[in-house]
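# Examination of the molecular architecture
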Amino acid sequence: MFTFILVVQAIVAAALVGVILMQRSEGGGLGVGGSPSGFMSARGAADFLTRSTTILATLFVGLSVVLAVIASVKHAPSSIDTSLSRSGTSSAPADDVPVAGGDPLAAAADKAAQNETAPKNEGVPLAQ
């Protein structure tokens, strides 16, 4: 249903662009000749294009609202995922570094300070 309405909205948008581009900037419509009282006279074309623009614009906005409602209902989460929550009981990081105050960088700095007494690898220079 969502895809069908999306295709209809694309068609309405293309028709709306076409109708708007056919109008003269002064509001005179197509400006084609013909009998003064005919349907496609300058005044008749302007009335037709103005009504068409109003109808297509209203339809476009309505379809946009319908698509937004369908998308929000269709993609609404059924439950809240709390697997990444920091509060509560959480498992320790993979390298068993205790997290000091919830800051993993501080815990890594503490571990690095504890390992300063360990022999350093002389083959790879480290920036300090």
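Further up the page is the structure itself.
Residues numbered from 1 in each chain as written. Predicted model: local features only at pLDDT ≥ 70, side-chain atom pairs only at ≥ 80, totals over all residues. Heavy atoms only, no water.

### Notes on the overall build of the protein
For clarity, the cut-off: By definition, any uninterrupted DSSP run of H or I lasting at least four residues is a helix, any uninterrupted run of E lasting at least two residues is a strand, and each is numbered from the N terminus. Using a 1.4 Å probe on the protein chains alone, a residue whose accessible area is under 20% of its type maximum counts as buried, one over 50% counts as exposed, and one in between counts as partly exposed. Residues count as neighbours in contact if any of their non-hydrogen atoms are within 4.5 Å of one another. Using the Shrake-Rupley algorithm and a 1.4 Å probe, accessible areas are obtained, with residue cover drawn only from the displayed protein chains.
Each helix and strand in the protein was counted, giving three helices and zero strands. Relative to its 128 residues, the protein shows a buried fraction of 14%. In the protein, the proportion of contacts linking residues at least 24 apart, taken out of those at least 6 apart, comes to 49%. Counting every atom, the protein has about 10000 Å² of accessible surface; 65% of that belongs to carbon and sulfur.

### Brief notes about a nonpolar patch on the surface
Heads up, the condition is: A residue counts toward a patch only above 30% relative accessible area and without a salt bridge, and it is joined to like-charged neighbours within 9 Å or, for Val, Leu, Ile, Met, Phe, Trp and Tyr, to nonpolar neighbours within 5 Å. Salt bridges, as used here, are contacts in which a Lys or Arg side-chain nitrogen is within 4 Å of a carboxyl oxygen on Asp or Glu.
Among the surface-exposed residues, Val61, Val65, Val69 and Val73 lie close enough to one another that they form a single nonpolar patch of about 360 Å² accessible area. Mapped onto the elements of the fold, valine 65 is located in helix H2 (residues 42-74).

### Points about the environment of threonine 3
Looking at where threonine 3 falls in the secondary structure, it is placed in helix H1 (residues 2-22). With relative accessibility at 56%, the residue threonine 3 sits in the exposed group. Taking C-alpha positions, threonine 3 is 9.4 Å from leucine 67, a pair spaced 64 residues apart along the chain.

### A look at the nonpolar core
Put simply, the rule reads: Buried Ala, Val, Leu, Ile, Met, Phe, Trp, Tyr and Cys residues that are joined via side-chain atoms within 4.5 Å together make up what is termed a nonpolar core.
With eight residues, the main nonpolar core is built from Ile5, Val12, Leu16, Val19, Leu49, Leu56, Leu63 and Leu67. Where this core is concerned, the elements lending two or more residues are H1 and H2. The contact partners of leucine 56, leaving out residues within four places of it in the chain, are Val12, Ala15, Leu16 and Val19.

### Section: H1
Keep this limit in mind: By this rule the span expected of a helix is its residue count minus one, scaled by 1.5 Å. By construction, the arc corresponds to the directions joining the helix axis to the C-beta atoms.
Between its terminal C-alpha atoms H1 stretches 30 Å, which fits the 30 Å expected from 21 residues at 1.5 Å a residue. Among the residues of H1, Ile5, Gln9, Val12, Leu16 and Val19 are the ones counted as buried. The buried residues of H1 occupy an angular sector of 90° when projected down its axis, which confines them to one face. For H1, the exposed residues set more than 90 degrees away from the buried face come down to Thr3, Ile11, Ala14 and Leu21.

### Observations regarding the side chain of glutamine 9
Our working definition: Pairs of N or O atoms within 3.5 Å make up the polar contacts considered here, provided that, within protein, one atom can donate a hydrogen while the other can accept it, and that residues adjacent in sequence are counted only when both atoms are side-chain atoms.
Relative to the helices and strands, glutamine 9 resides in helix H1. At 2.6 Å, the side chain of glutamine 9 forms a polar contact with the side chain of serine 64. Setting aside residues up to four positions removed in sequence, glutamine 9 forms contacts with Phe60, Leu63, Ser64 and Leu67.

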